[in-house]
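If you want the building blocks of each chain, they are given just below.
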Amino acid sequence: GAGVSQSPRYKVAKRGQDVALRCDPISGHVSLFWYQQALGQGPEFLTYFQNEAQLDKSGLPSDRFFAERPEGSVSTLKIQRTQQEDSAVYLCASRYGTLEETQYFGPGTRLLVL
Amino acid sequence: AQRVTQPEKLLSVFKGAPVELKCNYSYSGSPELFWYVQYSRQRLQLLLRHISRESIKGFTADLNKGETSFHLKKPFAQEEDSAMYYCAPAVNNTNAGKSTFGDGTTLTVKP
């Protein structure tokens, strides 16, 4: 079956523009994570969903960042009034269940804010 | 605060040589330890996890709780091992098991 998919793969936004990034996890995966990866750094945790419940959003850098997963499958990460420092690769990962199981990553969305 | 340190940004070895990618962590509680790998133009993927005590593609990782280290080792490196490697401890709190990633080590295996 298909792995985790993300769209768009690339996004160029003007500063101040709103963007929406989509993640399609593996079917049946309960857990969904969003990470932000700046150039030359490792992925940094943004937020976590268990089904439709957002259980941890401690990594969201500001209130301009908002994530949802209304039906417990597809998730959207929205960034309002984008700033240059938001430029990064945004990774989505899904996992069937518990910590011991494998986390599967999507290809990422590369966001460039001009 | 949870911290992961991968001291080598770049590591270069010749084919057939042993390789060790270092990882030190500072974590409250008892984290589970993972190594992830990203090959050129591919997505990030799990390489191995400590809980499974496994060897994947010839790689092993030993957990040293005293030194809080989880170094990744391979006795004979191959060119196809060239990739970016991330150490990523995770703690199962709030049902998340979210990972904290190091900044990665780029391994280049020269012919």
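**Thoughts on the sheet that holds strand β9 (residues 83-87) of chain B**
All names here are of chain B. What the 5 strands build is an open sheet, ordered β2-β10-β9-β5-β6; its pairing is mixed. Looking at the sheet topology across the chains shown, the edges are occupied by β2 (10-14) and β6 (45-49). Each neighbouring strand pair of the sheet contributes to a mean axis angle of 30°, computed without reference to strand direction. Summarising the sheet, strand β5 (residues 34-38) and β6 pair through 4 bridges and their orientation is antiparallel. Along β6, the bridge assignment pairs F34 with R49.

**Describing the nonpolar core**
Residues and elements named next belong to chain B. W35, L72 and Y85 are the most contacted members of the largest nonpolar core, which totals 25 residues. For this core, the secondary structure elements donating two or more residues are β2, β3 (19-21), β5, β6, β8 (69-74), β9 and β10 (105-110). No other element matches the 3 residues that β9 contributes to this core. Once you skip the residues sitting within four places of it in the chain, L72 turns out to touch V19, E20, L21, W35, L47, L48, F59, T60, A61 and Y85.

**Notes on unusual backbone geometry**
The step from S7(A) to P8(A) runs through a cis peptide bond, and the omega angle for that step is -10°. Within the element layout of this structure, P8(A) appears in the loop between β1 (5-7) and β2 (10-13). Positive phi outside glycine occurs at K57(B), with the angle close to 55°. Inspection of the secondary structure puts K57(B) in the loop between β6 and β7 (60-64). For K57(B), a relative accessible area of 47% corresponds to the partly exposed category.

Criteria and thresholds
Residues numbered from 1 in each chain as written. Chains lettered and ligands numbered in written order. Predicted model: local features only at pLDDT ≥ 70, side-chain atom pairs only at ≥ 80, totals over all residues. Heavy atoms only, no water. Pairing = 2+ DSSP bridges. Helix = DSSP H or I, 4+ residues; strand = E, 2+ residues; numbered from the N terminus. Axes fitted to C-alpha atoms, helices over the stretch in contact; angles between N-to-C directions. Core = buried A, V, L, I, M, F, W, Y, C linked by side-chain atoms within 4.5 Å. Buried < 20%, exposed > 50% of the residue type's maximum accessible area, 1.4 Å probe, protein only. Contact = heavy atoms within 4.5 Å.

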